[in-house]
Amino acid sequence: MEIQFKLTKTDAELRGILDLQKLNLLGEISEEEKTNQGFVTVQHNLDQLRLMHELEPHVIAKEGEKVIGYILAMTKESRDLVPVLVPMFEQFDRLIFEEKKLSAYDYMVIGQICVGKGYRGQGIFDKMYELYRSTFCSRYDFAITEIALTNFRSLKAHQRVGFRTIHEFEDTTQKWAIVLLNWK
């Protein structure tokens, strides 16, 4: 079956994101899988995904009706929708990029990215980022996110598509890298 790359439109697609997310949450996978395959740290709910989607749609990869990959789209306007991510936005507010505060830019936040088991290593990550870039690069200056330094696979994949680390920090849970993909 052919894999389709698209923007979210339906609640069924948002529920598909939540199903895939649950399978890849840090607390749901083994240490070996965490180290070798990566993980996601934040669990969202349907209302949060819906409200985020109303601001900007998420990017998904589907095989038939099954969501097999996603990139969550967040804007500065969605910063309060996921309380556990507010500190990330506050961290962004304190940083400087190219001699300006990050808050002076219009940016897209990669709210989370995941490719399902069995679909990894097939270029799905890169193709989702191509759609993300083509959808948002004309309206936003760059994409930014934070990645746990223990999430080796995610760090490498983001570097491969052009993200660069602009800051590292440690919070009460672990060490993080803030990575940015400059579209200008």
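Our structure is the block above this text.
What you are looking at is a predicted structure, and each value in this text was computed from that prediction instead of being measured. (Residues numbered from 1 in each chain as written. Predicted model: local features only at pLDDT ≥ 70, side-chain atom pairs only at ≥ 80, totals over all residues. Heavy atoms only, no water.)

Caption draft 1: Layout of the overall build of the protein chain. Counting its regular elements, the protein chain contains six helices and nine strands. For the protein chain, whose C-alpha radius of gyration is 15 Å, the value lies close to the compact-globule estimate of 16 Å for 184 residues. Within the protein chain, the proportion of its 184 residues that are buried is 52%. Within the protein chain, contacts between residues at least 6 apart in sequence are counted, and of these 68% link residues at least 24 apart. Accessible surface computed for the protein chain: about 9,200 Å², of which carbon and sulfur atoms make up 49%. For the protein chain, the centre of its 24 positive side-chain charges and the centre of its 27 negative side-chain charges are spaced 3 Å apart. (Helix = DSSP H or I, 4+ residues; strand = E, 2+ residues; numbered from the N terminus. Rg over C-alpha atoms; globule rule 2.2 N^0.38 Å. Buried < 20%, exposed > 50% of the residue type's maximum accessible area, 1.4 Å probe, protein only. Contact = heavy atoms within 4.5 Å. Areas by Shrake-Rupley, 256 points an atom, 1.4 Å probe, with all protein chains shown as cover. Lys, Arg positive; Asp, Glu negative; His and termini not counted. Charge placed at Lys NZ, Arg CZ, Asp CG, Glu CD.)

Caption draft 2: Fine view of the nonpolar core. With 36 residues, the main nonpolar core has Phe92, Leu102 and Ile144 as its most contacted residues. Within the residue set of this core, elements represented by two or more residues are helix H1 (11–23), helix H3 (46–55), strand E3 (66–74), helix H4 (86–94), strand E6 (107–115), strand E7 (142–148) and strand E9 (175–182). With sequence-adjacent residues up to four places away left out, Phe92 is seen in contact with Leu102, Tyr107, Val109, Ile144, Thr145 and Ile178. Ile113, Ala143, Leu155 and Leu181 belong to the second-largest nonpolar core, a separate cluster that totals 27 residues. (Core = buried A, V, L, I, M, F, W, Y, C linked by side-chain atoms within 4.5 Å.)

Caption draft 3: Molecular detail of unusual backbone geometry. We note that Glu98 has phi near 50°; this positive angle belongs to a residue other than glycine. Looking at the secondary structure, you find Glu98 in the loop between strand E4 (96–97) and strand E5 (100–101). Look at Glu98 and you get exposed, because its relative accessible area is 53%. The phi angle at Glu99 is positive, at roughly 70°, despite the residue not being glycine. You can see Glu99 is positioned in the loop between E4 and E5.

Caption draft 4: Quick look at the sheet that holds E7. In spatial order, the strands read E1-E2-E3-E6-E7-E9-E8; together these seven strands make up an open sheet with mixed pairing. Of all the strands in the sheet, the pair left with one neighbour each is strand E1 (3–7) and strand E8 (164–170). Within the sheet, the average angular offset between the axes of one strand and its neighbour, ignoring direction, is 25°. In terms of strand pairing, E8 meets E9 through six bridges, oriented antiparallel. Note on E9: the bridge partner recorded for His167 is Ile178. The strands touched by H1 are E1, strand E2 (59–63), E3 and E6; relative to E3, the strand with the most contacts, the crossing angle is about 100°. Contacts between helix H6 (residues 152–160) and the sheet are confined to E6, E7 and E9, with E7 contributing the most and set at about 160° to the helix. (Pairing = 2+ DSSP bridges. Axes fitted to C-alpha atoms, helices over the stretch in contact; angles between N-to-C directions.)

Caption draft 5: Highlighting the environment of Val59. Along the chain, Val59 falls in strand E2. Taking the C-alpha atoms as reference, Val59 lies 9.2 Å from Thr135; in sequence the two are 76 residues apart. In contact with Val59, not counting residues within four places along its chain, are Lys6, Leu7, Gly69, Tyr70, Ile71, Met128, Leu131 and Tyr132.

Caption draft 6: Region of interest: the side chain of Asn151. Its place among the elements puts Asn151 in the loop between E7 and H6. Look at Asn151 and you get buried, because its relative accessible area is 4%. Those residues in contact with Asn151 that sit more than four places away from it in its chain are Gly38 and Phe39.

Caption draft 7: Looking closely at the side chain of Gln174. Here Gln174 lies in the loop between E8 and E9. Excluding anything up to four places from it in sequence, Gln174 contacts Thr41, Ala148, Thr150 and Phe169.

Caption draft 8: Inspection of H1 at higher detail. With 13 residues, H1 should reach 18 Å at 1.5 Å per residue; the first-to-last C-alpha distance of 19 Å fits that figure. When we look at burial in H1, the residues that qualify are Glu13, Leu14, Gly16, Ile17, Leu18, Leu20 and Gln21. For H1, the secondary structure elements touched by its buried residues are E1, H3, E2, E3 and E6. (Expected span 1.5 Å × (residues − 1).)

None of the figures reported here should be taken as evidence of function without further support.
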